[in-house]
Structure formats: structure tokens, C-alpha cells
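Coordinate analysis (summary)
Each chain, written out:
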Amino acid sequence: MKSLIRKLAAVLTAALLCFNLYYELAPDYVVGPEQKFAFAAAVAVLLGISFFYGVPKAARDKRRHDYLLLLFWYYLWVLANVLFFDNAFGRGISMHAQLDAVNLEPLRTIKNYLIAYDYGNISLRLVILNLLGNLIAFAPMGVFLPALFRWQRSIFFFSATLTLGITAVEVAQVYTGAGSCDVDDLILNLAGALIVFVFCRITPIWKHICRVNPRK
């Protein structure tokens, strides 16, 4: 019975991923942040059932790496979609570089959002979506990278990897016309990931992270 439930969960996970892929890329639909979180939560739960339900503890330990690796690839797809293709965030590859859409002054964009909200020019939802959204966007990296790659358990290598990666994304957004290059995005993206990394590092969560890919 437990084996049947795991197989059913695996089938449902595959079906949900196909529907999620179609729903995200279909031009007639706009998937908001709430729906994205719902899809991600459902994928994580169903995939977890298919990997761990009724499985002995020793076998669960061996499956953690594969489970997190699959979630990591799913997260990368969602992140790439949000950064380059998602209608909900006004994305779209145009091949026209927006070289004027570059901000290298730290905190300028953040201050502009707060000032615009204070004057009533933009909604609180838009402020949260842009500021808190940038904090959250790369936050899962604080779990995925140290769990899957042992060398990423050093805060120096973790910070350097994300700084280079986020900078590459910001530059690519400009040259593909999918967005702007903003140093404030780098600050918020990196801050969100570091908050999660440090929180895990100073709590018992770190022990579980290290068990995913233990040192030999």
C-alpha cells in the first residue's frame, strides 16, 4: 500500500509539473506570486511523499540528496522564468539592450519605491512585490547550495558564487531586454540568501543540511 501511494504521488508530481509548465508559459495566463508559491509547495509535498512515505530511515537518508537535487532544478526553472520570461513580472526577451536601465547607485531604487509609496503613487503590494520579492528570490540558495555542494558551506565561497551569479543575471537582463541592471537587486538578492544561510548555520538545521551530502 505504501509503495502504491509513493507511485501515485510520483505520477501526480509529474502531472503537476507538466500543468505548471504549461500554465507558466501559456501566453493567455498570468501566474501571480501566490499561485507560484502554491505550485512550489504542492510539488515539494508530492515529491516528498513519493520519496519518503513509508521508507525506512536508512533509505530516507540516502534519498535526501536526490530529493533536494530535483527540487533545486525545479527552483532554478521557476527562478529563470521569473527573471526572464514571466508575464506576471513584465518579462520577455526582446534582444534590444536597455543600456539606459542601469542603476549603480546603492539604495537609490529602494528609496525611490518608498518615496513613491509615501506619496501614494504606487501600491503597498507593488512595494512588497519588488523589495520583499527580491529578498526572497535567491533565499532558497541558502539551503540548496550548502546542502548539495560541500564547498558551498564556506560563507566566503557561498557569497562569491551568488555575487557572481546575480551580477551575471542582472547584466543578462539588460542585454536581453528582460529587465534592468540594478545594484539594489544585487543587494537584496544577496541579503536574502545570506540571511537564510546564516540562520541555518547557527541552528540545528545545519546538521540536517550537511547530512544531505556528508563529507567522506
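Residues numbered from 1 in each chain as written. Predicted model: local features only at pLDDT ≥ 70, side-chain atom pairs only at ≥ 80, totals over all residues. Heavy atoms only, no water.

Some thoughts on unusual backbone geometry
At Leu-107, a residue that is not glycine, the phi angle is positive and equals roughly 75°. Here Leu-107 shows up in the loop between strand E1 (102-103) and helix H4 (108-118). (Helix = DSSP H or I, 4+ residues; strand = E, 2+ residues; numbered from the N terminus.)

Some points on the environment of Val-127
Structurally, Val-127 can be placed in helix H5 (residues 124-137). Distance from Val-127 to Ile-110, taken between C-alpha atoms, is 9.0 Å for residues 17 residues apart in sequence. In this view, Val-127 contacts Tyr-113, Leu-114, Tyr-117, Ile-122 and Leu-132; residues no more than four positions away in its chain are not counted. (Contact = heavy atoms within 4.5 Å.)

Description of the packing of aromatic side chains
What describes a pair of aromatic rings is the distance from one ring centre to the other and the angle between the planes of the rings. Applying the stated rule across the entire model yields 16 aromatic pairs. For the ring pair Phe-72 and Phe-149, a centre distance of 6.4 Å and an interplane angle of 70° mean the geometry is edge-to-face. Taken together, the residues span a long stretch of sequence, with Phe-72 in helix H3 (residues 57-85) and Phe-149 in the loop between helix H6 (141-148) and helix H7 (155-175) at a distance of 77 residues. On the basis of relative accessibility, which here comes to 7%, the residue Phe-72 falls in the buried class. With a centroid separation of 4.5 Å and an interplanar angle of 20°, the aromatic rings of Phe-158 and Phe-197 are classed as stacked. Linking Phe-158 in helix H7 with Phe-197 in helix H8 (residues 183-201), this pair joins segments that are 39 residues apart in sequence. On the accessibility criterion, Phe-158 (0% relative accessible area) is buried. Exposure remark for Phe-197: the relative accessible area of 2% places this residue in the buried category. Members of the aromatic cluster, connected to one another through ring pairs, are Phe-72, Trp-73, Tyr-75, Phe-144 and Phe-149. (Phe/Tyr/Trp six-rings, centres within 6.5 Å; stacked < 30°, edge-to-face > 60°. Buried < 20%, exposed > 50% of the residue type's maximum accessible area, 1.4 Å probe, protein only.)

Description of the environment of Phe-72
Sequence spacing of Phe-72 and Leu-145 is 73 residues, and the spatial spacing of their C-alpha atoms is 8.9 Å. When residues no more than four places from it in sequence are discounted, the contact partners of Phe-72 are Met-141, Phe-144, Leu-145, Leu-148 and Phe-149.

So, a nonpolar patch on the surface
Residues Phe-149, Trp-151, Ile-155, Phe-156, Phe-157, Val-198 and Ile-202 make up a contiguous nonpolar surface patch of roughly 730 Å² in combined accessible area. Here the nonpolar patch gets three residues from one element, more than from any other, and that element is H7. Turning to its location among the elements, Phe-156 is positioned in helix H7. (Patch = residues over 30% accessible without salt bridge, like charges linked within 9 Å, V, L, I, M, F, W, Y side chains within 5 Å. Areas by Shrake-Rupley, 256 points an atom, 1.4 Å probe, with all protein chains shown as cover. Salt bridge = Lys/Arg side-chain N within 4 Å of Asp/Glu carboxyl O.)

What about the nonpolar core?
If you look at the biggest cluster of nonpolar residues, it comprises 38 residues, and the most contacted ones within it are Phe-72, Tyr-75, Phe-138, Met-141, Phe-158 and Leu-162. Of all the secondary structure elements, the ones that give two or more residues to this core are helix H2 (33-52), H3, H6, H7, H8 and helix H9 (205-212). Not counting residues within four places of it along the chain, the set of residues in contact with Phe-138 comprises Tyr-75, Leu-79, Leu-83, Leu-162, Ile-166, Asn-189 and Ala-193. (Core = buried A, V, L, I, M, F, W, Y, C linked by side-chain atoms within 4.5 Å.)

This is a description of form; function is not addressed.
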